[in-house]
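Residues per chain are reported as follows:
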Amino acid sequence: MLLDHLHMAFSIAMEPTNLLMCFIGVFLGTLIGVLPGLGPSATMSLLLPITFTQTPVQAIIMLSGIYYGCQYGGSTTSILVNIPGESSSVVTCLDGYQMARVGRAGPALGIAAFGSFIGGTFAVVMLMLLAPPLSLIALKFGPPENASIMFFGLTMVTYMSSGSTLRALMMGTVGLLLGCIGTEVVTGVERFNLGFSELVDGLGLVPVIMGLFGIAEVLINIEKGDTRNFLETKIKNLLPTKKDWKDSAGPIARGSIFGFFLGLLPGGGATIASFISYALEKRLSKHPEKFGTGVIEGVAGPETANNAGTGGAFIPLLCLGIPCNVVLAILMGAFLIHRITPGPLLLTQHPEIFWGVVGSMYIGNIMLLVLNLPLIGLWVKVLKVPYTILFPLIFLFCLIGGYTLNNSVFDIYIIIIFGIVGYLMKKLHYEPAPLVLAFVLGPMLEENLSQSLLMSKGSFGIFFSRPISAVFVALALLLIASPLLLKLTGKKKAPFQGE
Amino acid sequence: MPGTKAYMKKQNLIGSLCWFVVGCLFCVGAAKHRLLLNGLPGAGFFPFVLGIILMTLSFFDLIFVIYRMRKDAGTTGEGNFFTKPDSWKKLSIAVVGLLVYASALEYLGFPIMTFLFILFLMRFVEPQKWPISLGVSAVTTIISYVMFSVWLKVLLPKGILGI
């Protein structure tokens, strides 16, 4: 059975157009991972309109490639410029940059690439093994279970935010409200469209994300100015030495396992995995005082974990239909645009998509290893492109990408409005990630909520009388109350950065 | 930056108030639809409840901000919202550029508007020399036109000149 699945996976992934899409995805992912200021969220939303001309398999392969590809690219800027290309590469700055300062940029980049490859491959194997049985269990879920899992997922994401939990909850609520704009699914009533016919189908996901993550990010960078200090060092000896491998073996193994399971959690993914891996390696090390001075374990562990976490994060999306971070929420948007609903039925109704993505992830990880080591010189050159030249291009691609959705200037105005709102949100520490996740899940949550209440004739008790639903609702309520409980016990929440 | 903490508190106050108003507006909008229909949630139920939740959360946020403002009163001076003194100018220029692009795109057409847009940003936001600005604008316009119109076959606005 497993061999049959593997055969299907590779036969789909090895089709020439799918291979090309995989390559484009991982290449672009690495490129945007290298370039600070443009994350996977904005890039995926920029490329969403382009996927309209592709088949669903090609689109999902390319967009997935961007997601795990950018984890590779993010380490390059962390090590060479001390500025993380992605939030999941923040901890790599701590030791990676210090290694570069003493002329060990090559081994740092090399072990980051190899660790990423091993972590990513481990995650794909686990995805392949765990997804089918998990999907079978999820088939037994009804509307109450779906609603409660989504509620738990949303709560988890707000809890995992780096700033104020109260504000993250506010943004989650705003996202749910934005999802109410348009025609209500159950009754067909038009809500909050303010007389605009363009809003009858609701706010588009792409313009909202492009505004919040693309335009807003550029506005923030225009305000701050380009402060990159590039370390002028010769990059040599990319292949780690025997000692480097010996020191990195444990961190890589632990990073793979912990990273994958942390990626499974709603609100989890690459960033949390990398932070926890670093903390774990420091705790387990015989010389924890050396962390932060340039130890290879401080690079190997987090870089492995962030790629393993990326793979793990696919499981809730593909098997349960719950994106556990904003990037996968965008990927879910891509599924929905192609009229495919990710979840337990994906494996039975569209096995070619699931196994095609799994197969392409194997191949994509190999491509990334090949891309990242020999092309380090190219990425270094890309890093030196002034932001003053990059930002107009980012603006342009955001605006035109939005226009191409419906050939309507209305979408461009939505992008600009959300760009300004996103800028103000960042300045005042309101996180956009819970907003976007809630915006994607909101309509489905409302639909499942309505169906559940129809089943129970209006009683909310259905969410507590069904065991699985009751567990998730209880966990969600516990999470909401946890900041207060922690305050009462005198403990503080550990900050994590969002995707 | 001296005084930034105090100034940001005022901005936070405005922010909390804004979200409170947003919650109110959604409640008012939701109330126009049926909240309950034969004992079951109507079209207005979900957004109405969410509006109440947002109002409640932003009210608590407001209380928290006021508490911190009173706690920090007298300990910090005035400051700037923006990172650098000229940031607001650059941001204003960028936003104006974006709005003008959106307004004039269908009138002037994609190639002309894109060229002018990139040129405007490169000359006035982070001023570059004319040769670089003109060069980047021209190359970007051509590449983006080829990419969207020729390769992806997207219908881009042709404008008054028909190109």
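Our structure's up above, just so we're on the same page.
None of the values given here were measured: they were computed from a predicted structure.

J.: Teacher, can you tell me more about the interface of chain B and chain A here?
T.: By a frequent convention, interface size equals the accessible area lost on bringing the separate parts together. Contact residues are listed per partner, giving 61 residues for chain B and 57 residues for chain A. In total, chain B and chain A occlude about 5300 Å² of area from one another, counting both sides; carbon and sulfur atoms represent 80% of this. Between the two partners, chain B and chain A, sit nine residue pairs in polar contact (both at pLDDT 80 or more). Breaking the side of chain B that touches chain A down by element, the ones donating at least two residues are α1 (4-31), β2 (40-41), α2 (45-72), α3 (87-108), α4 (110-124) and α5 (130-151) of chain B. Split by residue class, the side of chain B that touches chain A holds 40 nonpolar, 16 polar and five charged.

J.: Even after reading the chapter, I still don't get the packing of aromatic side chains, so can you show me in this structure?
T.: For any pair of aromatic rings, geometry is given as the distance between the ring centres together with the angle between the planes. Counted under the stated rule, the structure contains 19 aromatic pairs over all chains. Their ring planes at 40° and their centres at 5.9 Å tell us that F397 of chain A and F148 of chain B sit as a pair that is tilted. Here the residue F397 of chain A occupies a position in helix α18 (residues 387-406), and F148 of chain B occupies one in helix α5, the pair thus bridging two chains. Every member of this aromatic cluster is reached through a ring pair, and the members are F122, F260 and F261 of chain A. Lying over the aromatic face of Y430 of chain A, R167 of chain A brings its terminal NZ or CZ to 4.3 Å of the ring centre.

J.: Even after reading the chapter, I still don't get the nonpolar core, so can you show me in this structure?
T.: Within soluble globular proteins, side chains that are nonpolar generally end up buried alongside one another. Of all hydrophobic cores here, the largest spans 160 residues; its most connected members are L63, L203, L331, F335, F395 and L399 of chain A together with Y101 of chain B. Aside from chain neighbours lying at most four places away, what touches F395 of chain A is I215, V218, L219 and I222 of chain A together with A94, L98, F117 and L121 of chain B. In this structure, I79, L80, M99 and L109 of chain A belong to the second largest nonpolar core, which totals 16 residues.

How each quantity is defined
- Residues numbered from 1 in each chain as written.
- Chains lettered and ligands numbered in written order.
- Predicted model: local features only at pLDDT ≥ 70, side-chain atom pairs only at ≥ 80, totals over all residues.
- Heavy atoms only, no water.
- Contact = heavy atoms within 4.5 Å.
- Buried area = accessible area lost by both parts, 1.4 Å probe.
- Polar contact = N/O pair within 3.5 Å; in protein donor to acceptor, adjacent residues only side chain to side chain.
- Helix = DSSP H or I, 4+ residues; strand = E, 2+ residues; numbered from the N terminus.
- Nonpolar A, V, L, I, M, F, W, Y, C, P; charged D, E, K, R; others polar.
- Phe/Tyr/Trp six-rings, centres within 6.5 Å; stacked < 30°, edge-to-face > 60°.
- Lys NZ or Arg CZ within 6 Å of the ring centre and 35° of its normal.
- Core = buried A, V, L, I, M, F, W, Y, C linked by side-chain atoms within 4.5 Å.
- Buried < 20%, exposed > 50% of the residue type's maximum accessible area, 1.4 Å probe, protein only.

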